[in-house]
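# Architecture at a glance
The primary structure of each chain is shown beneath.
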Amino acid sequence: MTVWDDLVGQDRVQEQLAAAAKDADALVTAASGGEPVDQGSKMTHAWLFTGPPGSGRSTAARAFAAALQCTSPDRAMGGAPGCGFCDGCHTSLIGTHADVEVIRTDLLSIGVKETRDLVRRAQLSPAVGRWQIIVMEDADRLTEGAGNVLLKAVEEPAPRTVWMLCAPSLEDVLPTIRSRCRHLTLSTPPVEAVADVLIRRDGIDPERAHAAARATQGHIGRARRLATDERARARRAAVLKVPLRVADVGGCLKAAQELIDTSTEDAKQLAEEVDAKETEDLKAALGGVAGGRMPRGTAGAMKELEDKQKRRKTRTQRDSLDLALTELTGFYRDVLALQLGSKLAIANTDVQDSLDRIAESSTPAQTLRRIESVIACREAMDRNVAPLLAVEAMTMALRAG
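In what follows, the accompanying structure is described. (Residues numbered from 1 in each chain as written. Predicted model: local features only at pLDDT ≥ 70, side-chain atom pairs only at ≥ 80, totals over all residues. Heavy atoms only, no water.)

## Concerning the overall build of the chain
The condition is simple: Starting at the N terminus, helices and strands are each numbered in turn, a helix being any DSSP run of H or I of at least four residues and a strand any DSSP run of E of at least two. The reference for a compact globule is 2.2 Å times residues^0.38; the radius of gyration itself is calculated from the C-alpha atoms. Contacts: residue pairs with any heavy atoms within 4.5 Å of one another. Here the Shrake-Rupley method, with its probe set to 1.4 Å, supplies the accessible areas, and only the displayed protein chains count as covering residues. Two residue types count as positive, namely Lys and Arg, and two as negative, namely Asp and Glu; His and chain ends fall outside the count. Lysine's charge is taken at NZ, arginine's at CZ, aspartate's at CG and glutamate's at CD.
Within the chain, the secondary structure is distributed over 15 helices and five strands. Computed over its C-alpha atoms, the radius of gyration of the chain comes to 24 Å, within 12% of the 21 Å expected for a compact globule of 401 residues. Taking the principal axes of its C-alpha atoms as reference, the chain extends roughly 75 × 60 × 40 Å. Put simply, 71% of the contacts in the chain that link residues at least 6 apart link residues at least 24 apart. Looking at the chain as shown, the accessible area adds up to about 20100 Å², and 53% of this sits on carbon and sulfur atoms. Positive and negative charge centroids in the chain, built from 53 and 56 side chains respectively, lie 3 Å apart.

And the structure:
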């Protein structure tokens, strides 16, 4: 099992990364031996992975990081880096390698303070590995100030530092940063490829794996959650009933409230799982005693944690609601395919009766307007419109058609 095995349906990207990893291995070997460095190397210090949600951007970056840190003895005999078994590969993939920092955020943005900390780390030489690697999974969430801080580090990197930035599209990253990165564009993997990896790697029943992959249209993470989490399946089933529940104003308002309540519940459950442990760990680190008062001077740290948890809860709620809107868009996309007699594969075959009812009772023009109303709802929430107002406007538009 090589480090590339989890990179689903991205053969061209895999070839590019494997070639770069091989050149990177040669660069390190040549530098340590005092040999001249090949200036025509396929390796570079900054990479930008782009692609739609679920395409495997962060998976590709992690696999590349592991290949760069590979210490397999087979390399000396011409073997490709990225064996998947050596200590460098293994620790990079599971997130414990001392020289691989993976940055992801549960918050709405990545600020200047966090980015400065990363830049300082990036100036260090590798502690135990061959490269100092920073993987930023949510580069699109950098604030403008944070992006400007990062720019300097990308412009003038340390000799053995590699930046790997992940974002949905090139436009989500500052032009000054993306112009200094090598671009790799991933595509949505085929449904069959996603089902295969769920069966092979996660041991999921083939029928359920194919249903989940088809329903999520190749989104690997969502497919795995749908196949393994009963709660996720129940939430999706409730969302796909919305088109049949907006026949009157009362139904529209009730459906909107339930969508908001579901996303709020998701955020609350995550908070219950994470916040309590975070709070207790911080109290212990600051010298607090269970059931007693906190030492002087610790109120600021506790307040900072509370603010972080509040922002994360908002982000989780928005993400949950956005997922529901994505599933609604998929529903109406299937309706449109039926109305136009398209040969496009239907994603939501488990609600075929509902699809048929909506397709027969409306026109393609109405379906397009409904898809536009879902998109408008997402855009409204991006502009910080109150979620309930945005969703109520959407359900009323779904009723009007």
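Let us keep going from here.
## Things to note about unusual backbone geometry
Using the following cut-off: Only protein chains enter the area calculation, which uses a 1.4 Å probe; residues under 20% of their type maximum are buried, those over 50% are exposed, and those in between are partly exposed.
Positive phi outside glycine occurs at Q217, with the angle close to 55°. Positionally, Q217 belongs in the loop between α8 (206-215) and α9 (220-228). Since its relative accessible area comes to 34%, Q217 is described here as partly exposed. With a phi close to 70°, N384 is a non-glycine residue in the positive phi region.

## A short note on the side chain of Q10
Rules: The term polar contact refers here to a pair of N or O atoms within 3.5 Å; inside protein, the definition further demands a hydrogen-donor-capable atom paired with an acceptor-capable atom, and it admits residues adjacent in sequence only when both atoms are side-chain atoms.
If you trace the backbone, Q10 turns up in the segment before α1 (11-32). According to the relative accessible area criterion, Q10 is buried, its value standing at 3%. In terms of polar contacts, Q10 uses its side chain to reach the backbone carbonyl oxygen of S55, at 3.2 Å. Those residues in contact with Q10 that sit more than four places away from it in its chain are S55, L186, S187 and P189.

## Regarding the state of the cysteines
Formally: The disulfide definition used here is simple: a pair of cysteine sulfur atoms within 2.5 Å.
The final tally for this structure, using the stated rule, is zero disulfides. Lacking any disulfide linkage, C252 is separated from the closest cysteine sulfur, that of C377, by 13 Å. The class for C377 is buried, based on a relative accessible area of 2%.

## Comments concerning the packing of helix α10 (residues 230-239) against helix α12 (residues 299-339)
Under the convention used in this document: Each axis is a line fitted through C-alpha atoms, and for a helix only the stretch in contact is used; angles between axes span 0 to 180 degrees, taken between their N-to-C directions. Angular relationships are summarised with four words: roughly parallel below 35 degrees, roughly antiparallel beyond 145, roughly perpendicular across 65 to 115, and oblique for the angles in between. With the far helix as reference, a near helix turned anticlockwise by less than a right angle produces a left-handed crossing, and one turned clockwise produces a right-handed crossing. Note on residue categories: nonpolar means Ala, Val, Leu, Ile, Met, Phe, Trp, Tyr, Cys or Pro, charged means Asp, Glu, Lys or Arg, and polar means any other residue, Gly included.
Direction vectors running N to C along α10 and α12 enclose 55°, while the axes themselves pass 9 Å from each other. With respect to their mutual orientation, α10 and α12 come out oblique. Read as a crossing pair, α10 and α12 show a hand that is right-handed. Taken together, the residues of α12 that come into contact with α10 (itself represented by R235, R236 and V239) are S320, L323, A324, E327 and L328. Across the contact of α10 with α12, the residue classes break down as four nonpolar, one polar and three charged.

## Points about the nonpolar core
What counts here: We call a set of buried Ala, Val, Leu, Ile, Met, Phe, Trp, Tyr and Cys residues a nonpolar core when their side-chain atoms join them within 4.5 Å.
Membership of the largest hydrophobic core comes to 34 residues, with the highest contact counts inside it found for F49, F64, L68 and M164. For this core, the elements supplying multiple residues, two or more each, are α1, β1 (46-50), α2 (57-68), β3 (132-136) and β4 (161-167). Element by element, the count of residues in this core is highest for α2, at eight residues. A255, A324, L355 and A359 belong to the second largest nonpolar core, which has 31 residues in total.

## Focus on the sheet that holds strand β5 (residues 182-185)
The line we're drawing: In this description, strands pair whenever DSSP reports at least two bridges between them.
Judged by pairing direction, the sheet is parallel, and its five strands sit side by side in the order β2-β3-β4-β1-β5 without closing on themselves. Where the open sheet ends on each side, the last strands, each with one partner, are β2 (100-103) and β5. The sheet shows a mean angle of 15° between the axes of neighbouring strands, direction not considered. As paired strands, β3 and β4 are joined by five bridges and run parallel to one another. Paired with M136 across the two strands is L165, which belongs to β4. Strands β1, β2, β3 and β4 of the sheet are contacted by α2, whose axis makes an angle of about 165° with β4. Its contacts with the sheet place helix α4 (residues 112-122) against β2, β3 and β4, and it is angled at close to 155° to β3.

## Quick look at the packing of aromatic side chains
Aromatic ring pairs: the centre-centre distance and the angle between the two ring planes describe each pair. Put simply, the rule is: By convention, a stacked pair of Phe, Tyr or Trp rings (six-membered ring in the case of Trp) has centres within 6.5 Å and planes under 30 degrees apart, an edge-to-face pair has planes over 60 apart, and any other such pair is tilted. A positively charged side chain is recorded as over a ring if its NZ (Lys) or CZ (Arg) lies within 6 Å of the ring centre. The angle to the ring normal must also be within 35 degrees.
A full pass over the atoms with the stated rule returns two aromatic pairs. Judged by centre distance (5.0 Å) and plane angle (75°), the rings of W47 and F64 are edge-to-face. With W47 in strand β1 and F64 in helix α2, the pair connects residues that are 17 residues apart, well separated along the chain. Taking the relative accessible area as the measure of exposure, F64 reaches 0% and is therefore buried. Note on F331 and Y332: the rings are 5.4 Å apart at their centroids and 85° apart in plane angle, and the pair reads as edge-to-face. Sitting over the ring of W131, R160 keeps its end group 5.9 Å from the ring centre. Of note, R182 hangs over the ring of W47, and the distance from its end group to the ring centre comes to 5.3 Å.

## Structural notes on the packing of helix α11 (residues 249-285) against α12
Following both chains from N to C, one finds α11 and α12 inclined at 150°, their axes separated by 8 Å at the closest point. Considering their axes alone, α11 and α12 lie roughly antiparallel with respect to each other. Between α11 and α12 lies a crossing of right-handed hand. Looking at the contact of α11 with α12, its residues break down into eleven nonpolar, eight polar and seven charged.

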